[in-house]
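So you can see what is in the structure, the chains are spelled out below.
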Amino acid sequence: MSDSASDSTNDEATTPYRTSLRTAADWGLVAIALPALAALSLPVGVRNGAVLGWFGGTMAPLFLIGVVLAVVAGASAPKRVWGAWVELAGVALAWLLPLHLLNEGLDLSAGWGLWLFLAAATLLLWRVMGVLAGVPGWTRSVIVPGLFGLGLLVGWEVLVRGFQVPAILLPPPSRIAVALAANAPVLWDDFRQTVLTSVLRGYVMGCGAGFLVAILADRVPFLARGLLPLGNLASAIPVVGIAPIMVMWFGFDWQSKAAVIVVMTFFPMLINTLAGLGNSERLQLDLMRSYAAGYGRTLVKLRLPNALPFLFNGLKINSTLALIGAIVAEFFGTPVVGMGFRISTEVARLNLDIVWATIAVAALTGSGLYGALALLERATTAWHPSLRGR
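The structure displayed is predicted, hence computed values, not measured ones.

Colleague: What exactly am I supposed to notice about the side chain of S319 here?
Modeller: By the element assignment, S319 lies in helix α12 (residues 295–330). In contact with S319, not counting residues within four places along its chain, are Y203, L369, Y370 and L373.

Okay, here's the thing in structure tokens:
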């Protein structure tokens, strides 16, 4: 059979599949359009006691036209990925609309037409992210998670301001950002004390000790049988229970926080390392024996490389545990600086903007540490079968 005939056969075979995909996408667009059309009959907000519709003297119609044009252009794009980017612009316009209305002084708590319209925009964003998640590279690994996080922040901002949630209960992200900028020097000192002084030292000591003891326990099997039950016991100990004890033992400076972190990170690293060392296949071990390789060479050449995904799993878990342990330990005694000290002090003063700003710094730090370890894992273990095609 000639190449042209083969290509024709393949095209005929894939045509029903492509048609079904296009039909599913069209029906998905219809499902999104229905609540958007229903929203046009409902109000978008209240101004000075007067209920306003979509065409009640605001700029809502301009945003609506922009969203419709973006959706139509995206649906008619020659490639689905191109259309997804165009539809993403329509989603951005839809979520900018409530922010514009809030700046004009409208009360959005009774604007059910607007909220229904935003629900349709959220479904459209879901559709866009589903398409972009199928694009390999940075689009799938960075842009899609970034869009998801940005969507959560924008939704948080709009819902809190739109329904007029008291700031003492939940401030909008914009107010937290203002508090971050206004208290940057204080937050930097807290970050340096908690993360750079306590977390990094405790993390290195805890993970290093867990790794070394796992190597020893792998060599001496009865140690593993004795340590694993202790690991399960230690994981059940609440950090609020051991933190004050460590403060009494090691004082108020970083040593007590590092001790708490060591207790929290030691056993996860131990358990993951032992699991990774036992991950080598019998055929691989027999091959190393056929080369007359001893325990040390087998460990370095075979077992540790195969255990790298487990080691990174332990490191990633401990990156968040270490930060949590340090912050909780600072509740029970610390120099007048640190994230835990800042949270406990400002909560007592009802300065909740600073509390949320500190929480944001802690969340960004934990996410950054986890992401850095994930990138390092991808760079060093791309050859491993468990990571192929990811």
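Colleague: In this structure, what is going on with the nonpolar core? I would like to understand it.
Modeller: Side chains of nonpolar character tend, in soluble globular proteins, to be buried together. Core analysis: the biggest nonpolar cluster contains 36 residues, and W54, L97, L101, L108, L114 and F117 have the highest contact counts within it. Contributing elements (two or more residues each) for this core: α1 (3–39), α2 (60–75), α3 (80–103), α4 (112–132) and α5 (138–162). Per-element tally for this core: the top contributor is α4, with 12 residues. Sequence-distant contacts of W54, that is, excluding residues within four places in its chain, are made with A39, L40, L42, V44, A60, P61, L64, L97, G113, L114 and F117. In terms of nonpolar packing, the next biggest core, distinct from the first, is built from 29 residues, Y203, I261, M269 and I327 among them.

Colleague: Where do I start with the confidence of the model for the chain in this structure?
Modeller: Atom-level detail of predicted coordinates should not be read off regions where pLDDT is low. Overall, the predicted model of the chain reaches an average pLDDT of 81, with 87% of residues at or above 70. When the criterion is pLDDT under 50, residues 1–22 qualifies, and its contacts beyond four places in sequence or with other chains add up to four contacts.

Colleague: Is there a simple way to think about the pattern of salt bridges in this case?
Modeller: Once their charged atoms are close, side chains differing in charge can pair, the charge on each being opposite to the other. Tallied over the full model, the rule gives nine salt bridges. Its salt-bridge partner being R127, residue E87 comes within 3.2 Å of it at the nearest N-O pair. Highlighted residues: E87 in helix α3 and R127 in helix α4, separated in sequence by 40 residues. Residue classification places E87 among the buried positions, given a relative accessible area of 0%. One salt bridge in this structure joins D189 and R192, with 3.0 Å as the shortest N-O distance. A residue pair is termed a helical-turn pair when its members lie 3 or 4 positions apart in one helix, as D189 and R192 do in helix α7 (residues 184–219) at three residues.

Colleague: Would you mind going over the packing of α2 against α3 with me for this structure?
Modeller: The packing of two helices is summarised by the inter-axis angle and the distance between the axes. Axis separation between α2 and α3 bottoms out at 7 Å; the angle between their running directions is 170°. Considering their axes alone, α2 and α3 lie roughly antiparallel with respect to each other. For the pair α2 and α3, the crossing hand works out as left-handed. Facing A60, F63, G66, V67, A70, V71, A73, G74 and A75 of α2, the residues of α3 in contact are R80, G83, V86, E87, G90, L93, A94, L96, L97 and H100. Here the residues of the contact of α2 with α3 sort into 12 nonpolar, five polar and two charged.

Calculation rules
- Residues numbered from 1 in each chain as written.
- Predicted model: local features only at pLDDT ≥ 70, side-chain atom pairs only at ≥ 80, totals over all residues.
- Heavy atoms only, no water.
- Helix = DSSP H or I, 4+ residues; strand = E, 2+ residues; numbered from the N terminus.
- Contact = heavy atoms within 4.5 Å.
- Core = buried A, V, L, I, M, F, W, Y, C linked by side-chain atoms within 4.5 Å.
- Buried < 20%, exposed > 50% of the residue type's maximum accessible area, 1.4 Å probe, protein only.
- pLDDT = per-residue confidence, 0-100.
- Salt bridge = Lys/Arg side-chain N within 4 Å of Asp/Glu carboxyl O.
- Axes fitted to C-alpha atoms, helices over the stretch in contact; angles between N-to-C directions.
- Parallel < 35°, antiparallel > 145°, perpendicular 65-115°, else oblique.
- Left-handed = near helix turned anticlockwise from the far one by under 90°.
- Nonpolar A, V, L, I, M, F, W, Y, C, P; charged D, E, K, R; others polar.

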